Structure formats: structure tokens, C-alpha cells
Amino acid sequence: MRETNQTHSPSPEELEAILALLDDSTPEVGDYVADRLAATSGDLEEWIASRTTPLPRSTADRLAVLLRPARRTVLEADWQVPASGADSLADDWEAVEALLRLLSDFLHDGVTLRQPMSDALDLLAEEAVEARVGSAAALRVWLFDGTRMKVRQEPLRAEFLDIAAMAAGEEGAAITACLLFLLLARRMDFDAEGILSGGSACCRIHYSGEPWMILPAENGIAVRAHDFMRQTDQAFVPAPPGDLLVAYLRQLCRVLVHEERAEDARLVKRLIQSLV
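What you are looking at is a predicted structure, and each value in this text was computed from that prediction instead of being measured. (Residues numbered from 1 in each chain as written. Predicted model: local features only at pLDDT ≥ 70, side-chain atom pairs only at ≥ 80, totals over all residues. Heavy atoms only, no water.)

Caption draft 1: The overall build of the chain, seen in detail. Across its full length, the chain holds 14 helices and seven strands. For the chain, the C-alpha radius of gyration of 20 Å lies close to 19 Å, the compact-globule estimate for 276 residues. Taking the principal axes of its C-alpha atoms as reference, the chain extends roughly 65 × 40 × 30 Å. Within the chain, contacts between residues separated by at least 24 positions form 63% of all contacts whose residues are at least 6 apart in sequence. Averaging the coordinates of the 27 positive side-chain charges in the chain and doing the same for the 45 negative ones gives two points 4 Å apart. (Helix = DSSP H or I, 4+ residues; strand = E, 2+ residues; numbered from the N terminus. Rg over C-alpha atoms; globule rule 2.2 N^0.38 Å. Contact = heavy atoms within 4.5 Å. Lys, Arg positive; Asp, Glu negative; His and termini not counted. Charge placed at Lys NZ, Arg CZ, Asp CG, Glu CD.)

And the structure:
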């Protein structure tokens, strides 16, 4: 674990002692627990996995909430964007993926063992290659026409915005599915681009010589771009990755406000301001 402030991170022995204090309602004890957990990175998954005794679900849930301040500190400290914000990101998918990886770590509960976002996407791409997925259209079928990609409609929870979780087979929001598809297509050298239309994010690919729209909000169905514009009476605008990132953050902020996670929502608003 890395240190996120000048106070050293708690040792494994101290973490065990902290676990025993989680249910103590004494204010002084609560302050001590909060202070010591704030000195972590907000991610104790490896330490928890190394314990011989699994954490009770109620303890894990309580610990996940208490680790949120540390994860906010890490996200804000590591968030680096060009001075001119999203415009400078242009088609820099590497920079955007790095920021999405930070957000995925922030959304993780810090107690459940899982793969980091980029590793999860790498493994998913390897699985697609082994399945002989050879085009963006085939990738759409492989991801959406089955049980691999589970798109969740309203009401949303913050965890549905975690790209790593969706890559691992968990439910995710439509914009999460959109970004996952684009990041995976990029790894496999397929031609695909993000589209913002009517407040929703979707993907555009080319199949049989014409453009098609993939609609994650409708479980990844594909429609001809011409038909999409005619049926919806909406124009669609190709969105560079920086714009998609802003749209993603705005949805995340709305969900955090709905969940009454005020401090987390305020942080995400600051991240949006850094981009726009």
C-alpha cells in the first residue's frame, strides 16, 4: 500500500485491530479509525484476501464506506489533465483510459479482490481473439448477444459505472458498455467511434460498406445509421474520447448525488470542471 499523506499506512497488525473497532460507537474511537484508514490508499483487497478468516459481509460493507475518503484523496492527487481540458485529449485514448482507470479504482469498494480495469480489458480482448472475433460487428455480437455484457437500465448505482466490474461480467450502465466496447475495439484494431446523441452515448461501426449504430442502452442492438437518424429525428455527433469522458463523469455525478454521496459528487464535479 502506498502512503497518501504524511502519516504512515497502518500495518497488517494494526488493520486487524481496526477491524475489531468498527462497531465501537465511541467518538474518539471513530475518529481514530477514520484517521488510520485515511492513511491507506483506500484499497485493502490484497490484505483482506491474505487473511485466513473471510470478512463478514456486514464488516466488508462498513469498511468499504470508511475507505471512501482515502480513495477520494488518491483520485484527486492522481488526476492529471492538460490545461485546456477535454479538447487537448482529442483522440488520445491512452490518456483517457488512464483517467478511466483512476475512476474505476475510485468506484471499487476497496475490499473485494478484482483485476484492475486495463488488465480486465486485456484479458477480455485475449478471450475475444481466442473466440476468433474478427471485426467490430462480430465484437458487438460476441459482447451483447449473450450473457457477457449485462446493461442495466434505471435506477443506476455508482458501481454500474465501474468499467472493470463490467469487463468481469457484472452489470453496467449503457455508457459503461459504450466505453468498454470502444476500449476493447481499440485493443483489437477495429474501427469504431463514440457518438453522443440526445444525451446518450453509442458507438458507430462500419459493416458491409455502411455505417451502423450500436445502441448500448438497448442492449447493444445495431441499426443502420441512416435509419437511426430517421427514426429518432436526432443528429449524431462523433465524440472524441475526451467528450465521452465528460459525459461519463456527468452521469456518475448524477448517480452519486442520487445516492447522497455528497463528498464523492463534489469531487467528481471538480473533475468535470478540470475538463470543461
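So, next bit.
Caption draft 2: Looking closely at unusual backbone geometry. Located in the positive-phi region is Arg-132, a residue other than glycine, with phi close to 60°. For Ser-208, which is not a glycine, the phi torsion comes out positive at approximately 55°. Turning to its location among the elements, Ser-208 is positioned in the loop between strand S4 (200–207) and strand S5 (210–215). Accessibility expressed as a relative area gives 63% for Ser-208, which makes it exposed. (Buried < 20%, exposed > 50% of the residue type's maximum accessible area, 1.4 Å probe, protein only.)

Caption draft 3: Just the environment of Leu-123, in detail. Here Leu-123 is to be found in helix H8 (residues 117–130). It is 9.0 Å that separates the C-alpha atoms of Leu-123 and Ala-167, two residues lying 44 residues apart in sequence.

Caption draft 4: View of the sheet that holds S5. Pairing is antiparallel in the open sheet, where five strands are placed in the order S6-S5-S4-S3-S7. What marks the edges here is a single partner per strand, and that holds for strand S6 (221–224) and strand S7 (237–239). Taken over all neighbouring pairs, the strand axes of this sheet differ in orientation by 40° on average, direction set aside. With five bridges connecting them, S4 and S5 associate as antiparallel partners. Opposite Ile-205, over in S5, you have Trp-212 as the bridge partner. (Pairing = 2+ DSSP bridges. Axes fitted to C-alpha atoms, helices over the stretch in contact; angles between N-to-C directions.)

Caption draft 5: Representation of the packing of helix H9 (residues 136–144) against helix H11 (residues 174–187) within the structure. At their nearest, the axes of H9 and H11 sit 11 Å apart, and the two run at 135° to each other. The orientation of H9 relative to H11 falls into the category oblique. Here H9 and H11 pass one another in a crossing that is right-handed. Between H9, through Ala-136, Leu-139, Arg-140, Trp-142, Leu-143 and Phe-144, and H11, the contact on the second element is made entirely by Ala-177, Phe-181, Leu-184 and Ala-185. Grouping the constituent residues of the contact of H9 with H11 by class yields nine nonpolar, no polar and one charged. (Parallel < 35°, antiparallel > 145°, perpendicular 65-115°, else oblique. Left-handed = near helix turned anticlockwise from the far one by under 90°. Nonpolar A, V, L, I, M, F, W, Y, C, P; charged D, E, K, R; others polar.)

Caption draft 6: Inspection of the pairing of S6 at higher detail. Sheet analysis places S5 next to S6, joined by four bridges and oriented antiparallel. Within S6, the position partnered with Met-213 by the bridge is Val-223. Counting the residues that bridge the hairpin from S5 to S6 gives five residues, and of these Asn-219 lies at a positive phi of roughly 60°.

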